[in-house]
Amino acid sequence: MAWHPTGRRSGHVDRLTARGSFSHETVFADLRLAAMKREREPSSKAYRQDRFENTERAAKETIEAEQRARLEKTKRLKELRLSQQQGAKDPAIK
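Here the structure is a predicted model, which means the values were calculated and not measured. (Residues numbered from 1 in each chain as written. Predicted model: local features only at pLDDT ≥ 70, side-chain atom pairs only at ≥ 80, totals over all residues. Heavy atoms only, no water.)

Just checking my understanding: could you explain the overall build of the protein chain for this structure?
Helix and strand counts for the protein chain come out as 3 helices and 0 strands. In the protein chain, which comprises 94 residues, the proportion classed as buried is 2%. Only carbon and sulfur atoms are counted for the fraction: they give 56% of the accessible area of the protein chain, which is about 9100 Å². (Helix = DSSP H or I, 4+ residues; strand = E, 2+ residues; numbered from the N terminus. Buried < 20%, exposed > 50% of the residue type's maximum accessible area, 1.4 Å probe, protein only. Areas by Shrake-Rupley, 256 points an atom, 1.4 Å probe, with all protein chains shown as cover.)

Listed below in structure tokens is the structure:
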């Protein structure tokens, strides 16, 4: 048998084309079966509420950390500016 450009032998026919066309019911049945086998997250209201609260807490902590970092940076810049101004005013410090 000769080889087809797709890498299959030219005499090979897959099961979808062997029937002439594929059945949408078969495809959807396969998808439903895969979905049933997949492990799912619990969908209880308590679980969703807990997940929401955890997300909210993480977001709040992130915002607070960013604010602390900005304040610390501002404080360092002020201190640096003051030290440079004092150095310029008092040449004995240099």
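Don't stop here, the text continues.
Explanation requested: the pattern of salt bridges in the structure shown.
A side chain with one charge may pair with a side chain of the opposite charge, provided their charged atoms come close. A complete count under the given rule lists 1 salt bridge for this structure. One salt bridge connects E61 with R57, and the closest N-O pair in it is separated by 3.9 Å. Separated by 4 residues within a single helix, E61 and R57 lie in helix α3 (residues 45-89), roughly one turn from each other. When its relative accessible area of 45% is taken as the criterion, E61 is described as partly exposed. Note on R57: relative accessible area 45%, which makes it partly exposed. (Salt bridge = Lys/Arg side-chain N within 4 Å of Asp/Glu carboxyl O.)

Where do I start with a nonpolar patch on the surface in this structure?
A contiguous nonpolar patch, built from V27, F28 and L31 and spanning about 280 Å² of accessible area, is present on the exposed surface. Note that L31 resides in helix α2 (residues 24-37). A relative accessible area of 52% means that L31 is categorised as exposed. (Patch = residues over 30% accessible without salt bridge, like charges linked within 9 Å, V, L, I, M, F, W, Y side chains within 5 Å.)

Quick question: what am I supposed to make of the confidence of the model for the protein chain here?
Low-pLDDT stretches of the model should not have their predicted coordinates read in fine detail. Across the protein chain, the average pLDDT comes to 78, with 66% of residues at or above 70. Across the protein chain, α3 holds the top mean pLDDT of 94, while helix α1 (residues 15-18) sits lowest at 53. (pLDDT = per-residue confidence, 0-100.)

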